[in-house]
Amino acid sequence: LGDLAWAAREAVSPLERLEHGLHPAVSFLVMPIFALANAGVAIDLGRVTHPVALAVALGLVIGKPLGIFVMCRLAVRMGLARLPAGVSWKYLFAAGCLGGIGFTMAIFVAGLAFPEDQAPALLAAAKIGTLVGSVVSAIVGAGLIFWSAKDD
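Here's a quick rundown of the structure. For clarity, every value in this text was computed on a predicted model and none was experimentally measured.

### What to know about helix 4 (residues 89–98)
Moving on, step 1. Those residues of helix 4 that fall on the buried side of the exposure criterion are L92, A94, G96 and C97.
Moving on, step 2. In the core, the buried residues of helix 4 are packed alongside helix 3 (51–77) and helix 6 (120–151).

Quick look at the structure:
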């Protein structure tokens with residue numbers, strides 16, 4: 001058994017083992033910190049109630065899931081697509097909620113809509129709205145997936 005365990009371990013290269021071992025830390029710690037630092041999001045909770053922040057957050061939390069779900073439903077109804085085996089509409093809606101995490105593109109669009117040299121306060125509000133909307137979308141989407149899995 002010892003020889004078999006050694007052979008199984010040696011079948012994977014050291015680089016692959018290292019990559020697999022670092023993946024959780026990089027995915028859940030390093031990348032989010034990098035994204036926040038690169039986006040230049042100043043955490044100012046006073047801006048959360050700004051109309052632009054609320055609009056961006058609601059767009060991510062409600063608009064993106066609704067758009068994804070409705071367009072998928074329409075594509076299936078028109079015969080352009082079909083649901084994969086084992087995927088229900090509950091899962092598709094939950095995946096649509098996870099689509100609201102679109103942090104990078106939302107920050108990019110906010111930068112185009114509110115140039116920093118012309119509207120720094122609006123850009124800051126849009127960035128905090130993006131952060132809040134992305135976090136809420138992640139929590140809601142993950143919760144819906146866990147809830148849907150319990151029903152199956």
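From this point, the discussion proceeds with the structure in view.
### Things to note about the layout of surface pockets
Moving on, step 1. Looking at the largest pocket, its volume works out to about 280 Å³.
Moving on, step 2. Lining the largest pocket are S27, F28, P32, A35, L36, I101, F103, L131, S134, V135 and A138.
Moving on, step 3. Every element with two or more residues in the lining of the largest pocket is listed here: helix 2 (14–39) and helix 6.
Moving on, step 4. With 5 residues, helix 2 is the single largest residue contributor to the lining of the largest pocket.
Moving on, step 5. Of the residues belonging to the lining of the largest pocket, the class tally is 9 nonpolar, 2 polar and no charged.

### A closer look at the packing of helix 5 (residues 103–113) against helix 6
Moving on, step 1. Remark: helix 5 packs on helix 6, axes separated minimally by 9 Å, with the N-to-C direction vectors making an angle of 165°. Put simply, helix 5 runs roughly antiparallel to helix 6. Remark: the crossing between helix 5 and helix 6 carries right-handed chirality. Contacts between helix 5 and helix 6 involve F103, A106, I107, A110 and G111 from the former and L123, A126, K127, T130, L131 and S134 from the latter.
Moving on, step 2. Residues of the contact of helix 5 with helix 6, tallied by class, amount to 7 nonpolar, 3 polar and 1 charged.

### As for the nonpolar core
One recurring pattern in soluble globular proteins: nonpolar side chains tend to sit buried together.
Moving on, step 1. Counting residues in hydrophobic clusters, the biggest one holds 10 residues: V52, A53, F103, I107, A110, L123, A125, A126, I128 and L131.
Moving on, step 2. Among the elements of the structure, helix 3, helix 5 and helix 6 are those that each provide at least two residues to this core.
Moving on, step 3. Per element, the largest residue contribution to this core is 5 residues, and it comes from helix 6.
Moving on, step 4. Ignoring anything within four residues of it in the chain, the contact list for A53 reads R47, V48, A125, I128 and G129.

### Re the side chain of T130
Moving on, step 1. The residue T130 is located in helix 6 in this model.
Moving on, step 2. Within the structure, the side chain of T130 is placed 2.8 Å from the backbone oxygen of A126, a separation counted as a polar contact.
Moving on, step 3. With residues up to four places along the chain from it excluded, the contact list for T130 reads V56, L60, F103, A106 and I107.

### Focus on helix 5
Moving on, step 1. Residues of helix 5 that are buried include every one of F103, A106, I107 and A110, and no others. Viewed along the axis of helix 5, the buried residues span an arc of 100°, placing them on a single side of the element. Summarising the geometry of helix 5, the exposed residues directed more than 90 degrees from the buried face are T104, M105 and L112.

### Focus: the packing of helix 3 against helix 6
Moving on, step 1. Interaxial distance between helix 3 and helix 6 falls to 7 Å at its minimum, and their mutual angle equals 30°. Taken together, the axis directions place helix 3 and helix 6 in an arrangement best described as roughly parallel. In the packing of helix 3 onto helix 6, the handedness of the crossing is right-handed. On the side of helix 3, the interface is formed by V52, A53, V56, A57, L60 and V61, while helix 6 contributes L122, A125, A126, I128, G129, T130, G133, S134, V136 and S137.
Moving on, step 2. Per-class residue counts for the contact of helix 3 with helix 6 are 11 nonpolar, 5 polar and no charged.

Conventions used here
All residue numbers here refer to positions counted from 1 along the written sequence of the relevant chain. Totals for whole chains, interfaces and linings use every residue, but because this is a predicted model, local features are given only for residues with pLDDT of at least 70 and side-chain atom pairs only at 80 or more, for both listing and counting. Working from all heavy atoms in the structure, the side-chain values ignore hydrogens and water. Only protein chains enter the area calculation, which uses a 1.4 Å probe; residues under 20% of their type maximum are buried, those over 50% are exposed, and those in between are partly exposed. Under the scheme used here, helices are H or I runs from DSSP no shorter than 4 residues and strands are E runs no shorter than 2 residues, and both carry numbers assigned from the N terminus. Residue contacts are counted whenever heavy atoms from the two residues lie within 4.5 Å of one another. We place a 1 Å grid over just the protein atoms. Points where a 1.4 Å probe fits but has no way out form a cavity, open points with protein on both sides within 12 Å along at least 5 of 7 lines form a pocket, and any residue with an atom within 4 Å of a point lines it. Grid points are joined across faces, edges and corners, and a volume is the space filled by probe spheres set on the points. Under the scheme applied, nonpolar residues are Ala, Val, Leu, Ile, Met, Phe, Trp, Tyr, Cys and Pro; charged residues are Asp, Glu, Lys and Arg; polar residues are all the others, including Gly. Each axis is a line fitted through C-alpha atoms, and for a helix only the stretch in contact is used; angles between axes span 0 to 180 degrees, taken between their N-to-C directions. Any angle between 65 and 115 degrees counts as roughly perpendicular, while under 35 counts as roughly parallel, over 145 as roughly antiparallel, and the rest as oblique. In this scheme, a crossing is called left-handed if the near helix is turned counterclockwise away from the far one by less than a right angle; it is called right-handed if the turn is clockwise. Here the nonpolar core consists of buried residues drawn from Ala, Val, Leu, Ile, Met, Phe, Trp, Tyr and Cys, with membership extended through side-chain atoms lying within 4.5 Å. Polar contacts, as used here, are pairs of N or O atoms within 3.5 Å; protein pairs need one atom able to donate a hydrogen and one able to accept it. Residues neighboring in sequence count only if both atoms are side-chain atoms. As used here, the arc is the angular range of directions from the helix axis to the C-beta atoms.

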